[in-house]
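Each chain, written out:
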Amino acid sequence: MSTVQVVFTLNGAAVSLDLDPAERLLDTLRYRLGLTGTKEGCGEGECGACTVYLDGLPVNSCLVPTYQVRGARVESVEAIAAERLGPFLAQGATQCGACTPGVVMTALWIGAHPELLETHTIRELMAGNLCRCTGYDGIVDAVNTALGHGEPPV
Amino acid sequence: MQRREGLAKLTGRERYVDDLPLENFLWGMTVRSPAPRGRITAVRFGKDVDWSEFVIVDHRDIPGPNEILLIERDQPVLAASHVRHVHEAVLLVAHTSREMARRAAQAVEIVVVPEPAALDFRVAPRPEQIQYGADNVLKRLKIEKGDVERALAHAPVVVEGAYETGAQEHVYLETQGMIAWLEEDVLVVKGSMQCPYYVLNALQHALRRDERRVRVIQAPTGGGFGGKEEYPSTIALHAALLALKARRPVKLVYDRSEDMAATTKRHPALVRHRTGLTEDGRLLAQDIEVILDGGAYVTLSPVVLSRGIIHAAGPYACDHVRIAGRAMFSNAVPFGAFRGFGAPQTLFACERHMDVIARTLRMDPVELRRKNLIRDGQRTATGQVIQDGTDRVAVLERALALSTFEEKRRAHTAFNAAQRSKRRGIGLATFYHGAGFTGGGEVHLNSRLRVAGLPDGRIEVLSANIEMGQGTLTVFTQIAAERLGVTPDDVVIGEPDTARVPNSGPTVASRTTMVVGHLIERAVDDLRTRVGLDDRARGSVVKDAIAHWYAAHPGGRLVGEAVYEAPPGISWDEQRYQGDAYGAFAWAAYVAEVEVDLRTCATRVIDFVAVQEVGKVINPTLARGQVQGGVVQGVGWALMEECKFKDGAMVNNQLTNYLIPTSDDVPPIRVAFVENPYPHGAQGAKGLGELPIDGPAPAILNAVAAATGTEPRAIPLTPERLMDLTR
Amino acid sequence: MKLLLPETVRDALAHMAGRDGVTTPIAGGTDLLVHWPVRLGERDRTYVDLWQLQELKPLRWTADALILGGLTTYWDVIRDRRAGDEFPLLVAAARQVGAIQIQARGTWAGNIVNASPAADGVPALMAYGAVVVLESQRGTEEVPLDGFYTGYKDMRRRPDQLIVAVRIPRRRYSYQTFAKVGSRRAQSIAKVGLAVTQSDDGWRVVAASMAPTIRRCPAIERLLQQGAVLRDSDDLLPAIARDVSPIDDVRSTAEYRRRVMARVLYDELRETCGWR
C-alpha cells in the first residue's frame, strides 16, 4: 500500500503524517491522533457529529479524505476554549453528549458569523447537526445567548 | 445545578466506548443470517482471505447454554442450526485491522435453506408458519372491569376505530459498542448500556462464570431510549466470546447501518377500540384490542404488552372496560424496549379515538376530555383508585390557555377559508404514564443502593443506574447533597461497575429519579445514623463525623444502605391483572398546532405546548430538556420516521432514508410543569422520562384531522399517506 | 487504492487521458465517501484528486454569464450576493442541499457528474440553460446541460473529460420558481424536485426524481408556451405522463410524485398563467 504525505495545520500546530490515501479525516483525528472529541454518528454526512472546521468552514470529517487537507487549516473541538461554552451549559444544550462536539463546532461558527442571520435562521444553519436528546431548544437557546440575543422566553 | 458532566461533553473530553484508549486489541465483526427463517446448511469461508489471521467464533465456542438471559431463554447468543430472522448473528470474526475484519465478515457466506416465514403479525399464521407455542402468540394478557359486553349492548352510542403505529428506530447518536478483556481470570466488559446487571447476568449465564469472574462497567453512554436496555447483553456476549478465544481485548462497535438493521426497535401495534357512550359523551364502556409485533424472540414483549394494555383506556373514568392484548411472534428482527414501552402505541390509539368520538357526537374534543378525565376517588381500568390530589382538569386548562387553543381554533377557520393550499389545525391529547416497574415489579427487582463515606468527609453514591443524557449524575448529586446538607462537590457518583456497586435496578421505566433517588435519600439517612447522628445533622457536622470515623477505624469502610420498600397500601394481583399498577402516575395535556401544505401533503408542527404534572421538578433545565427531547421524538414518530421492512428487516437503514427531525423541522417546544409532590418519590418527584413521548403523536394527528377534515388513523402520517386520505 | 495528485488542470487531464487506466475524479467527497468504510470494493480504483486545483474554485461574472468553476461549492454561490439577485433558484437549491457541512464541500460540477436522478443543483442549472464546459487533452467541448444526460447515470462525458466550468447565460427572467419536496426540511434527497423559468428564450420546466434522469418536460413547456388555460392541477397530468416516468422506491411512490408535481406546478404557475 503506497502512502501519501500530508502536512497540515491542526488546532494551530503543524502536523505531518504518512497515511493511506483511503483514510478519512475522522479516522485520522480519532484513531491516529487520539483526538476523540470528534464523533462518528452515521458515516454518511447526515448527522454532523463529526463536524470540524476546514479552512474556517464546518464540514463533515467523515466525508473528507485526509490527504485533501494537505496545506489546509483544520480545527477540531479540542481547540475550542472552554470559556466560550457557558451558554451551552446553562441552557441545556447537551444531554447524552454524542452529538455535542459537532453541535458546538457549528453553533460557535454561527456565533462568529452573525451576518448569516440576515439570510438564515439559526435552526436552518443547525439542521446538519442531528440531536436525539434535546429536541433542539437548548441548543438554539444557547446560540441565541452566545449571539447576545438575550434570554429566551420561558 | 448545572449538568455535572456538561463541560466534559461540550469540550469533547467525555469518553465513550469507542474513545477509550485500548492497547493490543482486536476489532470484532458480526456475520449475520441473510434469510428470515431456515436451516443453516453451510458456512462458507471465502477463498481470498487468509483465515489464519482471524479469530473466529461460532456457537460451539459458548462455554455455557447458548441463551441470552432475559424473560425467556429462547434467544441464542449465536445461531446454531436454525435462524429466525434476517441479521441474526451466526459467526464472529476479529482482527487487529478493522478493515480486515470487515472484509472477512463480508467474505463469509451463511447458506440457509429457507422455511416459511411469518412476516405479517396482523394475520393469523398458517400451520407451517407456527414457530412459538401453538399459535405464535408470545404473550396474552387481559384486563377486565365490570361487564363490557352488556354495557356496550345498552349504550346509546357506539364508536369503533382501528389504529396503527409503526416501528421506530432509536437513533441514539452513539451506536452500540462493547469492549471485553481479561484481567487475570476476570472477564471485564465495558461499554454503552443502560443496565449493567442485565449484562452481568447474561454473561454469567452463557459463559458459566460466577460473579467473581465477571465484571461489567458502564462507559459514558451516548443515548439509549430503551435501545440499550436489553440489546447490550447480546453485543457484550459477542465481544466476550471473541476476547476469551483471542486472549486479547476485543472491541465491537456497530456502524450506523448495522445498528439500525440488526438491533431492536419499537413494537409495531394495531389497536382496535369499540366505545360505548351516552349521547352527551360520557364513557360507558371501552372494549380494546391490542396486538403487538414482537419479532422473532420474546425479548421484553410481555412487559411491553403489559404496560401497553394498562395505559390503553386512557386517563379516564369508565366503569366497564375490557382490554385484550397479545404480542405476536414473527420472523422480523426482534422488537424491544423504546421510551414509553407500549404506552405510546396504545395512548396514540386512545387519544385519536377520543377525537373520532368527538366528531361522531358533534362534540368539542376538549369538552369530551373534561367530562371524562378521571377524578380523585375514581378507578382506572385495573381498578386502581386514583387519589393523588392532582387536578387533571386544571392541567388540561393550563395547556389550553398556554396554547391559546380556542383563539387559534377560531383563527384557523378564517385562515383555512382564505388559503388555497395551506390548512391549519390544532389538536390535543390528555394522557398519563405510570412510573417505575408495573405492579410487583419493583418488589421483584429488590433494588439495593449504597452511599459510602469517604475519608475526607465526602460521600460516594454507589448505584447501578447510569447517565445516558437524562441527567442521572446531576440529579443523584442534588438529591444526595440536599439530603445531607452538603455541597455538590462533596458528592461523588461512583462509576456503575458491578465490582463496586450493588444492583439498584435497570435505568428504565422512568424509575431512576423517583425510585432510585429515594433509595439515595434513605441510604444517606442510614449513613448518618452509622456515625451516630440523626437527620437534623447537616453539612459540615456530618462531614466531620465521617472523617472522624475513618480516623478512628483505619482500614474500615463506612457505608449506608437502602433496600427497596414498596409504598404502603399498594397491592397488585398478577393473576387477575387488577389492582395498583403503579405507585404514581404522571399526568399531562399536550397541544399541537400544525400547518398542512395541500399540494405536497407535508405537515409542519408550528407550535407545541406540553403541560405535565410530575410531582416535583428537581432540576428545571434537565426536566425541560427531557420533555422537549421526548416531544421531538414523538413528532418524528408521528410524521416522518418510517421503518421500511423487507423479509422482516429494515431496508432504509441509513439516516438519509430514515428521517428524524432536524432543528428546522420543529418549533420551540413550550413546556410547563405542575407540581404535586408524590410522598414516595425522591423530593416528591414522579417519573418523567417517558411521559413526553406518549402525547405528541395523537395531538399532532388530531390537529391534522382538524386542519384537513380527514381521519388519519396510522403513524407515521407521511405525506404519501395523507395524500391518499385527502383525495 | 491508487491516488493521483495533479497540481494543475493540465496534469489532471493527462492522468485522465488513459495512461493510468480508468480514473475516478474526486472533488469534495460528499457523494464518493458516503459509507466509505464498508464500501471496500471501491478501494481498488484509481482516484484523481481535484480538490487542490485552485484554478477551478472561483466563480466569476462576465457581461454575458455567471461561470461556476469546476470546484465551486454550493456555499460559494449562497455567499455571492449577485447570485442571489440574478439566479435566485441557484441559491434556493443550494440552501436545500443537506446543510452547511455539505454545502461547504459539495460542488456543482460534482453534482452534475454524479448524475443522480435526484441531484440537488441540476434542476436549477438546467432551468437557467446552463452549459457544461468539458476539458480533455483532446480539447474543449461544451454541452448544454439539458442534453447532457442520455440515460440512467449515463451522460455525455468521456472518462478523459473533466468539467472545468458551468456557464450560465445571464438573461432577464419574467418568471422563476424552485421546489424540493420531502418529508422534512434539510434533507439530502428529494422526492420531487422542480425548477421552472420563463424568459425570452421561452419556458423551461425541469423535473428531478421523476425519471431515470433529470430532464426538461417538453409537453408541459408546450402547454405553457401555447398559453393553455387549465382548470385544476389534474389538467397537468396528461402532460406529466408524457414527460416523466416516476417509480416507487424507498423514499416515495410514483402516484405521490405525479400528484405532487401536478399540484406544485399548478399552484406555482396559476397567477402568472392566469389560471384559477
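Residues numbered from 1 in each chain as written. Chains lettered and ligands numbered in written order. Predicted model: local features only at pLDDT ≥ 70, side-chain atom pairs only at ≥ 80, totals over all residues.

Q: Any chance you could break down the overall build of chain A for me, citing the residues and the numbers?
A: Broken down by element type, chain A carries 5 helices and 5 strands. Listing every helix and strand of chain A by position from the N terminus yields β-β-α-β-β-β-α-α-α-α. Taken over the C-alpha trace, chain A has a radius of gyration of 16 Å; the compact-globule value for 154 residues is 15 Å, and the two agree within 12%. Each principal axis of the C-alpha atoms in chain A carries an extent, and together these give about 60 × 30 × 30 Å. A total of 154 residues make up chain A; the buried ones form 59% of that total. For chain A, contacts bridging at least 24 residues in sequence account for 59% of all contacts bridging at least 6. (Helix = DSSP H or I, 4+ residues; strand = E, 2+ residues; numbered from the N terminus. Rg over C-alpha atoms; globule rule 2.2 N^0.38 Å. Buried ≥ 20, exposed ≤ 12 C-beta atoms within 10 Å, placed from the backbone. Contact = placed C-beta atoms within 7 Å.)

Q: Tell me what's going on with the overall build of chain C, and back it up with residues and numbers.
A: A tally of helices and strands in chain C yields 10 helices and 14 strands. Dimensions of chain C along its principal axes, counting C-alpha atoms only, are 60 × 45 × 35 Å. Sequence separation of 24 or more characterises 62% of the internal contacts of chain C that already satisfy a separation of 6 or more.

Q: So what about the nonpolar core? Which residues, and what values?
A: In this structure, B:L203, B:A239, B:I520 and B:I700 are the most contacted members of the largest nonpolar core, which totals 374 residues. Counting residues per element, this core draws most heavily on helix α5 (residues 231-246) of chain B, which supplies 11 residues. (Core = buried A, V, L, I, M, F, W, Y, C linked by C-beta atoms within 7 Å.)

Q: Quick rundown of the sheet that holds strand β24 (residues 602-613) of chain B? Include the residues and the values.
A: Residue and element names in this part refer to chain B. With mixed pairing, the 4 strands of this open sheet are ordered in space as β16-β23-β24-β27. Two strands close off the open sheet at either side, each with one partner strand: β16 (422-434) and β27 (669-674). Each adjacent strand pair in this sheet contributes to an overall mean axis angle of 15°, direction not counted. In the sheet, β16 pairs with strand β23 (residues 585-597) via 13 bridges, with the strands oriented antiparallel. The residue bridging I426 from the neighbouring strand is E593, located in β23. Packing against the sheet, helix α17 (residues 696-708) makes contact with β16, β23 and β24, and its axis sits at approximately 150° to β16. (Pairing = 2+ DSSP bridges. Axes fitted to C-alpha atoms, helices over the stretch in contact; angles between N-to-C directions.)

Q: Lay out the interface of chain B and chain A in plain terms, naming residues and giving numbers.
A: Tallying the contact residues gives 44 residues for chain B and 42 residues for chain A. When contributions to the side of chain B that touches chain A are tallied by element, the ones reaching two or more residues are α1 (6-10) and α16 (620-639) of chain B. Per-element accounting of the side of chain B that touches chain A gives the leading share, 9 residues, to α16(B). Grouping the constituent residues of the side of chain B that touches chain A by class yields 15 nonpolar, 18 polar and 11 charged. (Nonpolar A, V, L, I, M, F, W, Y, C, P; charged D, E, K, R; others polar.)

Q: Break down the confidence of the model for chain C for me, with residues and values.
A: In low-pLDDT segments, the atomic positions of the prediction should not be examined closely. Averaged over chain C, the pLDDT score is 95; the fraction of residues at 70 or greater is 100%. Across the interface, the model reports ipTM at 0.97; the global pTM reads 0.98. (pLDDT = per-residue confidence, 0-100.)

Q: How would you explain the interface of chain C and chain B if you had to name every residue and give the values?
A: Opposite the 22 residues of chain C that make contact, chain B presents 24 residues. For the side of chain C that touches chain B, the leading source of residues is helix α10 (residues 254-273) of chain C, giving 6 residues. Each residue belonging to the side of chain C that touches chain B can be placed in one class, and the counts come to 10 nonpolar, 6 polar and 6 charged.

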